[in-house]
Amino acid sequence: GETVLVLAGGSGVGSASVQIAKSASARVITTVGSDAKVVKAKAIGADEVIVRTREDVTARVQELTEGEGVDLVYDHVGQATWESSIASLKVGGRYVTNGVTSGHLAQIHLGRLWTRDLSVLGTTMRVSEDLGTVTDLIGRGVLKPVIDQVVPLEEASRAHAVLESDEFFGKVVLRVAS
């Protein structure tokens, strides 16, 4: 019943996060980098999609939540999205991070943290605690890996170019010949 903002819903981590949040009965808002990714994000469970390259994420979140903000922001992007992530939270909201793709430094106005009763959490996947849950979701067909393309290891530089272009949705996988 909570509203979750998943940043970078077109990435591998983001696409899994959209599905996991949806499986927990959340209203899922996600961000993507292009109009071409909107339909794909909705197909994996996003209720609302914000195109970050042409929309102000915070303003759109406020509009979609009637000025309240979201209960939880899941951010693996980091520095580039920190300010809008914190601004998108409702009073009592939670910011969760497990990555810093765009950089690891962020500043926070401590007054906003305590006056809005916000929580900031960092996490990694703990195999012993989380693998069983993820495996169960995959087994039940709730969580489906999203693979954009599989590239031979010999063409790893092409795979990197795809990742840098932001023209992918899901994971770009390197195939190692047997």
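Residues numbered from 1 in each chain as written. Predicted model: local features only at pLDDT ≥ 70, side-chain atom pairs only at ≥ 80, totals over all residues. Heavy atoms only, no water.

(A) Layout of the overall build of the protein. In terms of helices and strands, the protein carries seven helices and eight strands. Expected size for 178 residues packed as a compact globule is a radius of gyration near 16 Å; at 17 Å, the protein falls within 12% of this value. For the protein, the C-alpha atoms occupy an extent of roughly 55 × 35 × 30 Å along the three principal directions. Counting only residues that meet the buried cut, the protein has 42% of its 178 residues in that class. Within the protein, counting contacts between residues at least 6 apart in sequence, those at least 24 apart form 49% of the total. When the accessible surface of the protein is totalled, it reaches about 9900 Å², and 55% of it is carbon and sulfur. Across the protein, the 18 positively charged side chains and the 22 negatively charged ones have centroids separated by 3 Å. (Helix = DSSP H or I, 4+ residues; strand = E, 2+ residues; numbered from the N terminus. Rg over C-alpha atoms; globule rule 2.2 N^0.38 Å. Buried < 20%, exposed > 50% of the residue type's maximum accessible area, 1.4 Å probe, protein only. Contact = heavy atoms within 4.5 Å. Areas by Shrake-Rupley, 256 points an atom, 1.4 Å probe, with all protein chains shown as cover. Lys, Arg positive; Asp, Glu negative; His and termini not counted. Charge placed at Lys NZ, Arg CZ, Asp CG, Glu CD.)

(B) Examining helix α7 (residues 156–165) more closely. When we look at burial in α7, the residues that qualify are A156, A159 and V162. The arc enclosing the buried residues of α7, seen along the axis, measures out at 115 degrees, which places them on a common side. Exposed residues pointing more than 90 degrees away from the buried face of α7 are listed as S157 and E164. Along its buried surface, α7 packs onto β7 (147–152) and β8 (171–175). Once α7 ends, the next one or two residues include D166, with phi positive near 60 degrees. (Arc of directions from axis to C-beta.)

(C) Summary view of the nonpolar core. If you look at the biggest cluster of nonpolar residues, it comprises 18 residues, and the most contacted ones within it are V4, V6, V18, V28, V32, A41 and V49. When residues of this core are traced back to their parent elements, those giving at least two are β1 (3–6), α1 (12–23), β2 (27–32), α2 (38–43), β3 (48–51) and β4 (70–75). Setting aside anything within four residues of it in sequence, one finds V28 in contact with V4, V6, V18, A21, K22, G45, A46, D47 and E48. One finds V61, V73, W82 and Y95 within the second-largest nonpolar core, a separate group that totals 15 residues. (Core = buried A, V, L, I, M, F, W, Y, C linked by side-chain atoms within 4.5 Å.)

(D) Expanded view of the environment of A16. Residue position: A16 is located in helix α1. On the basis of relative accessibility, which here comes to 22%, the residue A16 falls in the partly exposed class. Remark: the alpha-carbon pair of A16 and V49, spanning 33 residues in sequence, is separated by 15 Å.

(E) Just the environment of A59, in detail. Mapped onto the elements of the fold, A59 is located in helix α3 (residues 57–64). With 93 residues separating them along the chain, A59 and P152 place their C-alpha atoms 42 Å apart.

(F) Summary view of α1. Compared with the 16 Å implied by 1.5 Å per residue over twelve residues, the 17 Å span of α1 between its first and last C-alpha is a close match. Within α1, the full set of buried residues consists of G12, G14, S15, S17, V18, Q19 and A21. For α1, the secondary structure elements touched by its buried residues are β1, β2, β4 and β8. Capping of α1 at its N-terminal end is provided by S11; its side-chain oxygen lies 2.9 Å from the backbone amide nitrogen of G14. Phi turns positive, to about 65 degrees, at S25, one or two residues after α1. (Expected span 1.5 Å × (residues − 1). Polar contact = N/O pair within 3.5 Å; in protein donor to acceptor, adjacent residues only side chain to side chain.)

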